[in-house]
Amino acid sequence: MVAYADFHRRSLVDRDGFWREQAALIDWHRPFDSVCDDSRAPHTRWFAGGLTNLCHNAIDRHLAERADQPALIYVSTETGQEQTYTYAQMHDEVQRMAAILQRLGVGQGDRVLIYMPMVPQAAFAMLACARIGALHSVVFGGFAAGSLATRISDAQPAAIVSADAGSRGGKIVPYKPMLDEALALSGSAAQVLLVDRGLAPMSRMPGRDHDYAALRDELAGAEVACAWVDATHASYTLYTSGTTGKPKGVQRDTGGYAVALAASMRHIFDARAGQVFFCTSDIGWVVGHSYIVYAPLIAGMATLMYEGLPVNPDAGIWWRLAERYRVTHMFSAPTAIRVLKKHDAALLREYDLSSLQRLFLAGEPLDEPTAQWIGEGLGVPVVDNYWQTETGWPILTIAQGVDSSPGRLGSPGFAMYGYDAALFDPASGEELTEPGQKGVLALKGPLPPGCLQTLWQDDARFEATYWHSIPGRQVYSTFDYATRDADGYYFILGRADDVINVAGHRLGTREIEESIAGHPGVAEVAVVGVQDAIKGQAALAFVVPRRSLSELGDTGGSQLVREIGARVDGHLGALARPRAVHLVSALPKTRSGKMLRRVIQAICEGREPGDLTTLEDPAVIEHLRARLEA
Ligand code: ATP
Ligand code: MG
């Protein structure tokens, strides 16, 4: 094994040579003219002049060798449906879907908005778009009419693919009424394709609404060739989670994305054709785009797509599926593992998980107690990876295919090949090179393949937001605060916005959260900084106890609060001790499970909480207000 540091260095100093090699992991219809064209930085063009197609790389090119191998394994514990599609069957389904989209008038460069639950047709639709060179814009199923309308107006889609309903924990969520309302609000003239799952009644508007099953029958055996598009052709747009403010419409290319995903499967995930990848995310998020749909298929693996809760019918369901389908790679999020942690750890040991090699987690800081609990329970390495919707694949982790370095608790690991990561002082713009210094994590351009090309129809926001936020530097800011130790391991300390300044000391809210989360009586915690007349800022902690508030009672509650204070004192010193610890029954999160600290902070400071369209459960806001007043 080459030392990882050398692998990483080469990716930067011999950038073209490195990525030319990676580009050989995918099929090209016509070779590219240049590897990296950064003449219009920060709008980097990867593999310009090359012609390729994402769907060809995900499906068609595998037909010769693995037509009868499973490509998509679909399991819904909501409807009881369980179905495996081979590569040959996927090829057929995707071509029919492509033919349907063409019938509805979709052409190359057009947008198709996908507002779907986790059903196979959602993946078919994404791949069908890629096949004909249309851009998909997947909107998380269950977003309310208002958020959906904004995204429809933004994408101006030629067609929308949707369904009668989604289902969550047995509760049917009708989509069609929300879609109808959103269409009316946006004034869109898009054609609508509807998958009828038989879960909720649907009204249909003649001439606009089309039935998927009928068209699928009619177009049986359809052959739709892959459109060879330039590597720089946009493949999709996708919104960020909206944790820090109004979501940003990330636009991604084709060739760079395919190469980045293929390379990540080999170097980062250490995955091979024929193996089984189970990513528990949702197609509405970037993790779902990259690691449910595209990457496993590009790598010739089977991808397991799951609709349902991790605890339904019981908290062993994921492991039961891992056993049944001989899953080799699992990819989930810390927030989901924390949900499982509330259940019996014995459930992890009931199943034969001998096929499982590793569990990857991303999306939020992975706290040590959660990492330890799941690692010990499963008996496989747990690999944290840090990235963003914007980058499409991991920025920080330990590349399992090329690096045998051990992980360090609390750290996602090293900067990945292609990423020239550095820490900067956000006030002065000075680069921080000493171990242990804290600063904003930024990436020096050009960004590697797979990262965003721009923000959809907003080059100005793309440049101003990401590339001009650190004084005197044209570097890409992640807006996350981090530190690096002497061996190059990075530690994410929280969002740059969440760093608080207590009596002149900069503290990441994450550091305080880590300390509190280690208390056995704590299920979840969020720490925010609020204005304080004496110290400038002070930390406030919101804690969801493991036992319910009524079970704890007043005495139990006060004791927990005292213990939490003492714990933080012991770990980080009295300065970091929260001014108050509020026990609550729930915390505000985005629909992708991220803590909306800005909302908590606004409520604490008596301000308007701002954009709430990405909020999972609006009732939490009232609950927080009530607890603060109590
Ligand atoms: P928005 O940009 O709209 O505010 P968002 O940043 O939550 O929303 P995403 O792209 O879904 O949107 O999330 C990326 C962010 O999630 C990162 O910038 C980081 O703050 C956090 N994150 C992701 N993975 C990790 C990880 N492994 N450890 C710590 N933080 C992580
Ligand atoms: Mg972000």
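As a reminder, the structure under discussion sits directly above these lines.
Because the structure is predicted, anything quoted here is derived from the model rather than measured.

**Q** Help me understand the nonpolar core, please; the structure alone is not making it clear to me.
**A** For soluble globular proteins, the rule of thumb is that nonpolar side chains tend to be buried together. Grouped together as the largest cluster of nonpolar side chains are 121 residues, with contacts concentrated most on W19, L127, Y291, Y294, F331 and Y417. Setting aside anything within four residues of it in sequence, one finds L127 in contact with C55, A58, I59, M90, V94, V293, Y294 and L297. Counting 32 residues, the second-largest nonpolar core is a separate cluster that includes A302, Y306, W319 and M330.

**Q** What's the story with the pattern of salt bridges in this structure? I'm lost.
**A** As a working rule, side chains carrying opposite charge can pair if their charged atoms are close by. Evaluation of the coordinates by the stated rule reveals 36 salt bridges. A salt bridge links R103 to E218, with the nearest nitrogen and oxygen atoms 2.9 Å apart. Of this pair, R103 sits in helix α5 (residues 87-103) while E218 sits in helix α9 (residues 212-218), and the two are 115 residues apart along the sequence. Residue R103 is classed as partly exposed on the basis of its relative accessible area, which comes to 45%. Two residues, R358 and D270, come together in a salt bridge whose shortest N-O distance is 3.6 Å. In this pair, R358 is assigned in strand β19 (residues 358-362) and D270 in the loop between α10 (255-267) and β16 (276-279), connecting sequence segments 88 residues apart. If you follow the salt bridges from partner to partner, you end up with K176, D180, R208 and D209 in one network.

**Q** Would you take a moment to explain the layout of surface pockets for this structure?
**A** Remark: the empty space left among the atoms is shown by a probe the size of a water molecule rolled over them. Quantified by volume, the second largest pocket comes out at close to 440 Å³. Partitioning the lining of the second largest pocket into residue classes produces 13 nonpolar, four polar and seven charged.

**Q** How do you make sense of the packing of aromatic side chains when you look at a structure like this?
**A** Aromatic rings in a pair are described by how distant their centres are and how their planes are angled relative to each other. The tally for this structure, following the rule as stated, stands at 39 aromatic pairs. The ring of F143 carries the charged tip of R151 above its face, separated from the ring centre by 4.7 Å.

**Q** Whenever I open this one, empty space enclosed by the protein confuses me. Can you help?
**A** For the structure shown, the criterion picks out seven cavities of 30 Å³ or more. Of the voids in this model, the largest cavity is the one considered here, and its volume is about 220 Å³. Lining of the largest cavity is provided by 16 residues; of these, R338, D367, E513, A517 and V525 occupy positions nearest its centre. Among the elements of the structure, α13 (334-341), α16 (509-517) and β31 (522-532) are those that each provide at least two residues to the lining of the largest cavity. Of the residues contributing to the lining of the largest cavity, the split by class is seven nonpolar, no polar and nine charged. In terms of residue class, the lining of the second largest cavity is built from eight nonpolar, four polar and one charged.

**Q** Help me out: how do you make sense of the site of ligand 1 in this one?
**A** The full set close to ligand 1 counts 20 residues, and T240, T243, T244, T389 and D480 are the nearest of them. T243 places a polar side-chain atom, nitrogen or oxygen, 2.4 Å from an oxygen atom of ligand 1. Within the backbone of N385, one N or O atom sits 2.9 Å away from a nitrogen atom of ligand 1. When ligand 1 is considered free in solution it has 640 Å² of accessible area, and contact with the protein chains removes 95% of it. For the shell around ligand 1, the elements supplying multiple residues, two or more each, are β20 (382-385) and β28 (490-495). Looking at the shell around ligand 1 residue by residue, the classes come out as four nonpolar, nine polar and seven charged.

**Q** It is not clear to me how the packing of α16 against helix α17 (residues 549-572) should be interpreted in this structure. Could you clarify?
**A** When two helices pack together, their arrangement is given by the angle between the helix axes and the distance between those axes. At a minimum axis separation of 9 Å, α16 and α17 run at an interaxial angle of 125 degrees. By the criterion of interaxial angle, the relationship of α16 to α17 is oblique. Where α16 crosses over α17, the handedness of that crossing is right-handed. Contacts from E511, I512, S515 and I516 in α16 reach I564, R567, V568, H571 and L572 in α17. Classifying every residue of the contact of α16 with α17 by side-chain character gives five nonpolar, two polar and two charged.

**Q** Any chance you could explain helix α8 (residues 176-186) here in plain terms?
**A** Side chains that are three or four residues apart share a direction in an α-helix, a result of its 3.6 residues per turn. Listing the buried residues of α8 in full gives K176, M178, L179, A182, L183 and S186. For α8, the buried positions fall inside an angular range of 155 degrees around the axis, keeping them on one side. In α8, the exposed positions angled more than 90 degrees off the buried face are occupied by A184 and L185. Looking at the buried residues of α8, the elements they touch are β6 (111-115), α7 (145-155), β8 (159-163), β10 (171-174), β11 (191-195) and β12 (209-211). Of the residues one or two after α8, G187 is the one with positive phi, at around 65 degrees.

**Q** Explanation requested: the pairing of β6 in the structure shown.
**A** If a strand is regular, its side chains alternate between the two faces of the sheet. Most of β6 sits inside the fold, with five of its five residues counted as buried. Residue alternation in β6 divides its side chains into two sets, R111, L113 and Y115 and V112 and I114, and both sets are buried. Here β6 runs beside strand β7 (residues 135-138); their pairing, made up of four bridges, is parallel. The residue of β7 that forms the bridge with R111 is L135. Handedness of the crossover is the feature at issue here: the chain leaves β6, passes through helix α6 (residues 120-132), returns alongside β7, and the resulting connection is right-handed.

About the criteria used
In this convention, every chain numbers its residues from 1, walking through the sequence in written order. Here chains are named by letter from A upward and ligands by number from 1 upward, in the order in which they appear as written. Restriction of local features to residues with pLDDT of at least 70 applies here, the model being predicted, together with a cutoff of 80 or more for giving and counting side-chain atom pairs; totals for whole chains, interfaces and linings are based on all residues. Only hydrogens and water are removed before side-chain values are computed, so all heavy atoms of the structure are retained for them. For our purposes a nonpolar core is just a set of buried Ala, Val, Leu, Ile, Met, Phe, Trp, Tyr and Cys residues, chained together by side-chain atoms within 4.5 Å. Relative accessibility decides the category of a residue: with a 1.4 Å probe and only protein chains considered, values under 20% of the type maximum give buried, values over 50% give exposed, and everything between is partly exposed. Every residue pair with non-hydrogen atoms within 4.5 Å of one another is taken to be in contact. Salt bridges, as used here, are contacts in which a Lys or Arg side-chain nitrogen is within 4 Å of a carboxyl oxygen on Asp or Glu. Comment: elements are numbered from the N terminus, with helices defined as DSSP H or I runs of at least four residues and strands as E runs of at least two. Space inside and on the surface of the protein is sampled on a 1 Å grid over the protein atoms alone, with a cavity defined as a set of points where a 1.4 Å probe fits but cannot get out and a pocket as an open set with protein on both sides within 12 Å along at least 5 of 7 lines; lining residues have an atom within 4 Å of a point. Grid points are joined across faces, edges and corners, and a volume is the space filled by probe spheres set on the points. Polarity classes work like this: nonpolar for Ala, Val, Leu, Ile, Met, Phe, Trp, Tyr, Cys and Pro, charged for Asp, Glu, Lys and Arg, and polar for all others, with Gly in that last group. Note on aromatic pairs: the rings of Phe, Tyr and Trp (six-membered ring only in Trp) are paired at centre separations within 6.5 Å, and the planes decide the class, stacked below 30 degrees, edge-to-face beyond 60, tilted for the rest. Both a distance and an angle decide whether a charge sits over a ring: NZ of Lys or CZ of Arg must be within 6 Å of the ring centre and within 35 degrees of the ring normal. Only a single heavy atom is needed: when it lies within 4 Å of a molecule or strand, its residue is near that molecule or strand. What qualifies as a polar contact is a pair of N or O atoms within 3.5 Å, subject to a donor-acceptor requirement within protein and to the restriction that residues adjacent in sequence count only when both atoms come from side chains. Using a 1.4 Å probe, the Shrake-Rupley method yields the accessible areas, and only the shown protein chains count as cover for residues. Each axis is a line fitted through C-alpha atoms, taken for helices only over the stretch in contact, and angles between the N-to-C directions span 0 to 180 degrees. The cut-offs work like this: below 35 degrees is roughly parallel, past 145 is roughly antiparallel, 65 to 115 is roughly perpendicular, and the gaps in between are oblique. Should the near helix be turned anticlockwise from the far one by less than a right angle, the crossing is termed left-handed; should it be turned clockwise, right-handed. Working note: the arc is built from the helix axis to C-beta atom directions. Strands were regarded as paired on the criterion that DSSP finds at least two bridges between them. By convention, orient the strands away from the viewer: a clockwise path from the first strand over the helix to the second makes the crossover right-handed.

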